[in-house]
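Below, each chain spelled out in residue letters.
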Amino acid sequence: VQLVESGGGLVQDGGSLRLSCAASGRTFSSYATGWFRQAPGKEREFVAAISWRGLITYYADSVKGRFTISRDSTKNTVYLQMNSLKPEDTAIYYCALEFGNTGVLSDDSRRYDSWGQGTQVTVSS
């Protein structure tokens, strides 16, 4: 499975961006999709996750109410709508798949099996 993120860029404080994570290739099980981010000099941190059918979502407290994760199964794509962006949201954003997920979403990056290359998000103050 290959993952390709897109939609990153430079935006002003309070602005919005929508990230996309497109999956290609064959999978043999259902999977959950997560978004993580890593700022310079910091560890990778969980942002949001969505279940296979899109019925369950899970957010980090730092983005709850500002970010929305969704999926379009017909396009094998997961989106991360980011509103009210802040400078502290600046990071490389990665999407990842957890194969065989049964509906309990995880914020632990070690549970995710396949990762994209990342897309840079920069929020200027």
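Residues numbered from 1 in each chain as written. Predicted model: local features only at pLDDT ≥ 70, side-chain atom pairs only at ≥ 80, totals over all residues. Heavy atoms only, no water.

Q: Break down the state of the cysteines for me, citing the residues and quoting the values.
A: Here a disulfide denotes one covalent bond, and it connects the sulfur atoms of two cysteines. Evaluated as defined, the whole model comprises one disulfide. A disulfide bridge connects cysteine 21 with cysteine 95, and the sulfur atoms are separated by 2.1 Å. Here the S-S torsion is close to 70 degrees, and the disulfide linking cysteine 21 with cysteine 95 is therefore right-handed. Of this pair, cysteine 21 sits in strand S3 (residues 17–24) while cysteine 95 sits in strand S9 (residues 91–99), placing them 74 residues apart in sequence. Of the residues examined, cysteine 21 reaches a relative accessible area of 2% and is grouped as buried. Since its relative accessible area comes to 0%, cysteine 95 is described here as buried. (Disulfide = S-S within 2.5 Å. Helix = DSSP H or I, 4+ residues; strand = E, 2+ residues; numbered from the N terminus. Buried < 20%, exposed > 50% of the residue type's maximum accessible area, 1.4 Å probe, protein only.)

Q: Let's hear about the sheet that holds strand S1 (residues 2–6): which residues, and what values?
A: Strands sit in the order S1-S3-S8-S7 across an open sheet of four strands; the sheet is antiparallel. One side of each edge strand has no neighbouring strand; the edge strands of this open sheet are S1 and strand S7 (67–72). Recorded for the sheet is a direction-independent mean angle of 15 degrees between the axes of neighbouring strands. Bridging between S7 and strand S8 (residues 77–82) involves six bridges; their strand directions are antiparallel. (Pairing = 2+ DSSP bridges. Axes fitted to C-alpha atoms, helices over the stretch in contact; angles between N-to-C directions.)

Q: Quick one: what's the story with the nonpolar core, residue by residue and with numbers?
A: With 34 residues, the main nonpolar core has Trp35, Val47, Phe67, Ile69, Leu80, Met82 and Tyr93 as its most contacted residues. At the level of secondary structure, the elements contributing two or more residues to this core comprise S3, strand S4 (31–38), strand S5 (45–50), S7, S8, S9 and strand S11 (119–124). (Core = buried A, V, L, I, M, F, W, Y, C linked by side-chain atoms within 4.5 Å.)

Q: Describe in detail unusual backbone geometry, supporting the description with residues and values.
A: The backbone of asparagine 76 shows a phi angle near 50 degrees, a positive value even though the residue is not glycine. Along the chain, asparagine 76 falls in the loop between S7 and S8. Although it is not a glycine, serine 84 adopts a positive phi angle of roughly 50 degrees. Assignment of secondary structure puts serine 84 in the loop between S8 and S9. Classification of serine 84 as partly exposed rests on a relative accessible area of 42%.

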